[in-house]
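# Working through the structure, step by step
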Amino acid sequence: MTHDLTGIFNAQRHAVNQTPFPTLSMRRKRLARLAQMTKRHQHDIVRAIQADFGQRSAIEIRLVEINSVLQAISYTRRHLWHWMRPWRASMPWRLLPARARISPQPLGMVGVISPWNYPWSLALMPVIDAFAAGNVVMLKPSELSSHTSALLARLVAQYFTQDELSVIQGDASIAQEFSALPFDHLVFTGSTSVGRQVASAAAANLTPVTLELGGKSPALVAGDADMDKAAAAIIFGKAFNGGQTCLAPDYVLVESRHLEALISALNRAILQQRPDSREATQPINEAHQQRIEAMLAEARDHGCRVIDHGNYAPALVIDPTQDLHIMREEVFGRGLPVISVINIDAALNFINARPHALALYAFTDDKALQSRLLQTTRSGALVFNETLLHHAVPTLPFGGLGESGMGAYHGRSGFDRFSHLRSVFYQAKRTTSRFLHPPYRRWLIKLLRLG
């Protein structure tokens, strides 16, 4: 383990011991500095992210990297006073007049390992919730988005002391050392395979983890759906950030009798939303682009119909077989399988036979089908007639289950995730509980209905 990593960890642990319960004012000031850092340097953030991707829409960067962070901070600062208040817990009548309450307290030190696909917002969103809960944070951003990671390190050093928030730069070996530190909580956002390694390293210290992993999120288009509206929402979710979004629809299911109508609608949506390749986001690097193109080439070689509009636009792969890489792996790019099924039952069986997704998108206004989806499927989120936008709702927890993740945060859920909800019990001066002490009295046990 490197000296700097250990030294920073020890400095933060000392700071936690010195100030274990930061005040509301201290927490709100930390959040305010985080907002100032993001707002004042937004032009630098845009340039750094564009340098990492080679080409990425400045509008999309401001929308999801900058505005989302600022809105989350504003929401958190407004509600933090209420979240921090202890609340009363009900007391069994046999223990009255004792009292009990639940008191949120900081965990202490939170480690965050963030990904490259949204290198600013996904680095700072967990920091916002950790700060709100009164913790200090060590952040390890992705080495694949090196320009943004360097900017984060430089700006954080200007706005925060090292024992409040520290950015650790480095490659995968540094990330391995980072995940082995005895944090009070560790957050990782990335692939399922790396998530397993992080969880294994954290387990040695019994460090609780929050894993945001993604997976293959399905989009189900029912027969009653408006095909053009469904297609527009699907292409929006798929094309945003070049498909490099953990919440992006990974494949589409539709009844066979509606397949051609949906394909036509998807083609129209692609041409309408992505007419100019300058607004499209490129793959993060050449290796990732080659991976996506290899998936599409494999599908062509196996006789699949591939409708490719080029210029980084979504490419439709019609009815691929399940042994192809585009169906075995999370696509995380522009390839979009469109799969025909006999009926809705077959679609639900298809979904339930696979690992739980981070999101399930369903396009239907049929209340019975909506209820059935809620009761018979499992996913991190269930979204009707839209894609991605549920992530912008601060009152909704964000997280997956199974192979798509573990735990959730955002808003109050994030505050609770990074807090210890401490049980507090107050015994009254005059109490009957002493009668529960040995030697036990049969008449009292019977009176209290304990046996």
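Here the structure is a predicted model, which is why all the values come from computation and not from measurement.

Criteria and thresholds
Residues numbered from 1 in each chain as written. Predicted model: local features only at pLDDT ≥ 70, side-chain atom pairs only at ≥ 80, totals over all residues. Heavy atoms only, no water. Pairing = 2+ DSSP bridges. Helix = DSSP H or I, 4+ residues; strand = E, 2+ residues; numbered from the N terminus. Phe/Tyr/Trp six-rings, centres within 6.5 Å; stacked < 30°, edge-to-face > 60°. Buried < 20%, exposed > 50% of the residue type's maximum accessible area, 1.4 Å probe, protein only. Lys NZ or Arg CZ within 6 Å of the ring centre and 35° of its normal. Contact = heavy atoms within 4.5 Å. Axes fitted to C-alpha atoms, helices over the stretch in contact; angles between N-to-C directions. Arc of directions from axis to C-beta. Core = buried A, V, L, I, M, F, W, Y, C linked by side-chain atoms within 4.5 Å. Salt bridge = Lys/Arg side-chain N within 4 Å of Asp/Glu carboxyl O. 1 Å grid on protein atoms, 1.4 Å probe; cavity = no way out; pocket = protein on both sides within 12 Å on 5 of 7 lines; lining within 4 Å. Points joined across faces, edges and corners; volume = space filled by probe spheres on them.

### So, the sheet that holds strand S3 (residues 109–113)
- Sheet architecture is open: 6 strands sit in the order S5-S4-S3-S6-S7-S16, paired in mixed fashion. One side of each edge strand has no neighbouring strand; the edge strands of this open sheet are strand S5 (165–167) and strand S16 (405–406).
- Both strand S6 (residues 185–189) and strand S7 (residues 209–212) contribute to a ladder of 4 bridges, which runs parallel. Each bridged residue has a counterpart across the sheet, and for Phe188 the counterpart in S7 is Leu211.

### Observations concerning the packing of aromatic side chains
- Inspection of every chain in the model, using the stated rule, returns 11 aromatic pairs.
- Residues Phe236 and Phe240 carry aromatic rings whose centres are separated by 5.6 Å and whose planes lie at 70° to one another, so their mutual orientation is edge-to-face.
- Given the relative accessible area of 25%, Phe236 is considered partly exposed.
- Accessibility expressed as a relative area gives 5% for Phe240, which makes it buried.
- By way of ring pairs, the aromatic residues Phe9, Phe178 and Phe183 are connected into one cluster.
- Looking at Arg99, its charged tip hangs above the ring of Tyr426, at a distance of 4.6 Å from the centre.

### Things to note about the side chain of Asp52
- Position of Asp52 among the secondary structure elements: in helix H3 (residues 42–53).
- Here Asp52 is in contact with Leu144, Ser145, Ser146, His147, Thr148 and Ile284, once residues within four sequence places are set aside.

### A word on the sheet that holds strand S2 (residues 99–106)
- The strand order across the open sheet built from 3 strands is S1-S2-S18, with neighbouring strands paired in antiparallel fashion. The open sheet has two free edges, formed respectively by strand S1 (87–89) and strand S18 (419–426), since each of these has just one partner strand. Each strand of the sheet is rotated relative to its neighbour by a mean of 35°, with strand direction disregarded.
- Here S1 runs beside S2; their pairing, made up of 3 bridges, is antiparallel. Paired with Arg88 across the strands is Arg101, a residue of S2.

### A short note on helix H13 (residues 344–352)
- Listing the buried residues of H13 in full gives Ile344, Ala347, Leu348, Phe350 and Ile351. Within H13, the buried residues cover an arc of 155° as seen down the axis, which keeps them to one side.
- Where H13 is buried, its residues touch strand S8 (217–221), strand S9 (249–255), helix H12 (325–328), strand S12 (335–341), strand S13 (357–363) and helix H14 (367–376).

### Notes on the environment of Met125
- Structurally, the position occupied by Met125 is in helix H5 (residues 121–132).
- When its relative accessible area of 8% is taken as the criterion, Met125 is described as buried.
- Beyond its immediate chain neighbours, meaning those up to four positions away, Met125 contacts Ser68, Val69, Ala72, Tyr409 and His410.

### Brief notes about the nonpolar core
- Formed by 87 residues in total, the largest nonpolar core has its most connected members in Leu34, Met37, Trp120, Val221, Leu316 and Phe363.
- Ranked by residues supplied to this core, first place goes to helix H4 (residues 58–84) with 10 residues.
- Setting aside residues no more than four positions away along its own chain, Leu34 makes contact with Ile73, Leu124, Val127, Ile128, Phe131, Phe160 and Leu165.

### Points about the pattern of salt bridges
- Throughout the structure, instances matching the rule amount to 18 salt bridges.
- Across the pair Arg196 and Glu403 runs a salt bridge, and its minimum N-O distance is 3.7 Å. Linking Arg196 in helix H8 (residues 192–203) with Glu403 in the loop between strand S15 (398–399) and S16, this pair joins segments that are 207 residues apart in sequence.
- Across the pair Glu293 and Arg334 runs a salt bridge, and its minimum N-O distance is 3.1 Å.

### So, the layout of surface pockets
- Quantified by volume, the second largest pocket comes out at close to 640 Å³.
- If you trace the second largest pocket, you find 28 residues lining it, with Val64, Ser68, Met125, His391 and Ala392 closest to the centre.
- Those elements giving two or more residues to the lining of the second largest pocket turn out to be H4 and H5.
- A per-element tally of the lining of the second largest pocket places H4 first, with 8 residues.

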